[in-house]
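Coordinate analysis (summary)
Letter by letter, the chains look like this.
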Amino acid sequence: MTSAPEAGTPLPPGRAGSNRILQYVLHYRWRYGGGMVALILATIASLLPPVVIQRAVDDLRDGIAMDSLAQYAGLIAILAVVEGTLRYYSRMVVSGTSRMIEYRLRDDLARHLMALDHNYYVHARTGDLMSRATNDLQAVRDVLGPSLVDMSRILVVGVAGILFMLFIDVRLTLIALVYLPVVIGLMSFFETNVEHRFMEVQEQLSHLTDRSQENIAGIRAVKAYAQEDAEIASFAQANEEMRGRAMRLALYHSGLFPIMGVLTGAGTLLVLWVGGHDVVAGRMSMGEFVAFNFILAVLANQLMAVGWVVAMAQLGTVAIRRVNEVLRTVPSVLDGTGTPPPLPVRGEVEFTNVSVAFEGREVLHDVNLRIPAGATVALVGGTGAGKTTLAGLLVRLSDPTGGSVCLDGVDVREWPLPLLRDSVAFVPQEAFLFSDSIRENISYGRPEAGDAEYDLATRISRLSNDLKDLTDGLETTIGERGVTLSGGQKQRAALARALMKQAPVLVLDDALSHVDTQTEEQILEGLNDVMAGRTTILIAHRTSTLRSADLLAIIEGGTIVERGSHDELLAADGVYARIYREQLDAERRAQEQADIDLGGGGA
Ligand code: GTP
Ligand code: MG
């Protein structure tokens, strides 16, 4: 049998936009073909016993020897064995193939989700994606496996059965099939309804998954605000809606089955009546009559399942659409195809006339900033000024709507993405840690790092102080998203991770906001040594952090309004000088308050 495909063999990228699922079905066409041939043969084998019975019954009337009756019985037994074997084989091959496709699709989905950019995740909902990657993928597998077998069997039995019946008696066949138009009409009615209802169910399921995921991830906030009951109530409401939608689906999903039963029953009744008369009148042999009814029974049996199968196909179609929707999303940040930049990377950064807009709202405009290789530049500005957005352009978390961002004189859009991101160590504003050991977390992206590198990274980030207090040091497991660490510890772990990269450019996006001033100063001092000759972009609010930078760029109203060193900016007495004075005032007031509190406590 075909060996399992390796996970690392995605389809050619040029075809990624078309229907990935169809491509896989075509890819496995020989396996599907083999399964279908076995299925057709099995079905024919299942329709042959009536013919044998027809002969046996007619022979019985003419008087028949015991041993030829045994021969007929033996033939029927052999047919049953052949049918069973072929059916088993076809089901196994087709189901197996559907599982292979499921496996490949899951792999493609994971790969694609990794390739999609920041902008996609701004709008995507985690629960929805999870629901598509689990429930919908399963529905796709079902329709490409068991449902496909059922559908094909019904089709083959239908065509072959009708041919057999026509062969026996054309008039009786037409009578038996008098309700066929009704069946077709009903099928199309149920088809649209089931599809619609299933879409509703899957959407609600996405919503439910999303709610649970958010509640679990945000359990601290839920508890801090004593919102457990409110959350339970709102979940119950969403769950109730889910039940309603599932019930509506069930109504249609199961509706066709009994209706088909009644219709086929009515058809059989007609055949018994008319055919019985024909036998009595001598227009039809007893054997033919028995065989005809036998085939009709097989046919009716299959037709009863039509409703079920049609519904399954509908569910599958919806699921295929939902999975394809994700797979077809083209990442807006694509790998650069230009000439690769000269190596080694020096770390010269230049923003030229950069503007950024989110959904038509301009966040940054006309930003011009040149950072010579090895310099330390601080971005200063109020919350929401656009500092994170500007720094993120460098690693292409998003692309500017106007202007360009260059690293070493080459537009970052021309850079191969992996090289670009290897060259810039970015410590994001919100430290994200994985539920793993501290060692795994800080060596993220550099599993081959040696002890000396761990030492350096933990020493400079001052994480080494905390490691002593943790039970297993570097090997301590830190819970989901690092819940067992303090805010400052998390930030320093994220810093250590970035330092491990030893990249030519380091971006610290408010990365020390939860660290006390004294430790922060120690960290910055240590950084000075390792960052000598490397470029640093520093985003911070505390002026104590900022003053060490070679150049400060003050962002206000979406653009850089002032630039210069700490002293120059103070002398200029502009925005920065105002921020500086306000912070000094605030610190002084805090100090005075602390003194009063202490004095009061001591008295
Ligand atoms: P602080 O981190 O609070 O100091 O602010 P910042 O200067 O880093 O601001 P940031 O660059 O994160 O955001 C600038 C503006 O862009 C804010 O008004 C945000 O609301 C907006 N913004 C940032 N990212 C997105 C995004 O992905 N989509 C949309 N629509 N708006 C965004
Ligand atoms: Mg920010």
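Anything mentioned here points back to the structure above.
This one's a predicted model, so the numbers in the text were calculated from it and none came from an experiment. (Residues numbered from 1 in each chain as written. Chains lettered and ligands numbered in written order. Predicted model: local features only at pLDDT ≥ 70, side-chain atom pairs only at ≥ 80, totals over all residues. Heavy atoms only, no water.)

Per the stated rule, a full pass over the model turns up 34 salt bridges. Between Arg153 and Asp150 there is a salt bridge, and its shortest N-O distance comes to 3.2 Å. In this pair, Arg153 and Asp150 both sit in helix α6 (residues 146–168), three residues apart, roughly one turn of the helix. An identical accessibility class is assigned to Arg153 and Asp150; each is buried. Put simply, Arg243 and Glu240 hold a salt bridge, and the shortest N to O gap is 2.8 Å. Placement of the pair is Arg243 and Glu240 together in helix α10 (residues 228–280), with a separation of three residues, close to one helical turn. Look at the salt bridges and you will find they share partners, linking Asp128, Arg132, Asp136, Arg322 and Glu325 into a network. (Salt bridge = Lys/Arg side-chain N within 4 Å of Asp/Glu carboxyl O. Helix = DSSP H or I, 4+ residues; strand = E, 2+ residues; numbered from the N terminus. Buried < 20%, exposed > 50% of the residue type's maximum accessible area, 1.4 Å probe, protein only.)

The magnesium ion (ligand 2) binds to the protein through Thr388 (OG1) and Gln429 (OE1); the donor distances cover 1.9 to 2.3 Å. A residue pair is termed long-range when its members are at least 10 positions apart, and Thr388 in helix α13 (residues 387–394) and Gln429 in the loop between β6 (424–427) and α15 (438–442) qualify at 41 residues. Classification of Thr388 as partly exposed rests on a relative accessible area of 33%. Gln429 sits in the partly exposed class, given a relative accessible area of 39%. (Donors = N, O, S within 2.8 Å, 3.2 Å for Na, K, Ca; no water.)

The next thing to look at is the nonpolar core. Counting residues in hydrophobic clusters, the biggest one holds 44 residues, and the most contacted among them are Val427, Leu506, Leu508, Leu527 and Leu552. Looking at which element gives the most residues to this core, the answer is helix α18 (residues 487–500), with seven residues. What Leu508 contacts, discounting residues up to four positions off in sequence, is Val427, Leu495, Leu527, Ile537, Leu538 and Ile539. Core analysis: the next-biggest nonpolar cluster, separate from the first, contains 36 residues, Leu369, Leu393, Trp415 and Ile560 among them. (Core = buried A, V, L, I, M, F, W, Y, C linked by side-chain atoms within 4.5 Å. Contact = heavy atoms within 4.5 Å.)

A few words now on the pairing of strand β8 (residues 535–539). Counting buried positions along β8 gives five out of five residues, so the element sits mostly inside the fold. On β8, burial covers both faces: Thr535, Ile537 and Ile539 on one face and Thr536 and Leu538 on the other are all buried. As defined by bridge partners, strand β3 (residues 376–380) adjoins β8 across four bridges and the pair is classed as parallel. Paired with Thr376 across the bridge in β8 is Thr536. For the handedness criterion, the β-α-β arrangement of strand β7 (residues 505–509), helix α19 (residues 517–530) and β8 is classed as right-handed. (Pairing = 2+ DSSP bridges. Right-handed = clockwise from strand over helix to strand, strands pointing away.)

Right, let's talk about the environment of Lys490 for a bit. Assignment of secondary structure puts Lys490 in helix α18. Each C-alpha atom of the pair Lys490 and Ala431 lies 6.2 Å from the other, and the pair is 59 residues apart in sequence.

In this section: the site of ligand 1. Inspection of the region around ligand 1 gives 16 residues, with Gly384, Lys387, Thr388, Thr389 and Gln429 positioned closest. Arg361 places a side-chain nitrogen or oxygen 3.1 Å from an oxygen atom of ligand 1. Here ligand 1 loses 72% of its free accessible area of 650 Å² to cover by the protein chains. Elements that contribute at least two residues to the shell around ligand 1 include exactly α4 (118–123), β2 (361–371) and α13. At three residues, α13 tops the list of elements feeding residues into the shell around ligand 1. Class assignment for the residues of the shell around ligand 1 results in four nonpolar, nine polar and three charged. (Near = heavy atom within 4 Å. Polar contact = N/O pair within 3.5 Å; in protein donor to acceptor, adjacent residues only side chain to side chain. Areas by Shrake-Rupley, 256 points an atom, 1.4 Å probe, with all protein chains shown as cover. Nonpolar A, V, L, I, M, F, W, Y, C, P; charged D, E, K, R; others polar.)

We describe a pair of aromatic rings using the distance from one ring centre to the other and the angle between the two ring planes. In this structure the tally under the stated criterion is four aromatic pairs. Where Phe432 meets Phe434, the ring centres are 5.2 Å apart and the plane angle is 75°; that geometry is what we call edge-to-face. Judged by centre distance (6.4 Å) and plane angle (20°), the rings of Tyr576 and Tyr580 are stacked. Of this pair, Tyr576 and Tyr580 both sit in helix α22 (residues 575–602), four residues apart, which is roughly one turn of the helix. As far as burial versus exposure is concerned, Tyr576 and Tyr580 are alike and both buried. (Phe/Tyr/Trp six-rings, centres within 6.5 Å; stacked < 30°, edge-to-face > 60°.)

Moving on to the environment of Val201. Relative to the helices and strands, Val201 resides in helix α8 (residues 180–217). Among residues more than four places away in sequence, those in contact with Val201 are Met242, Arg245, Ala246 and Leu249.

Bringing α13 into the picture now. Of all eight residues making up α13, seven are buried, and the element is well covered by its neighbours. Buried residues of α13: Lys387, Thr389, Leu390, Ala391, Gly392, Leu393 and Leu394, and no others.

The values are spatial; any link to function lies outside them.
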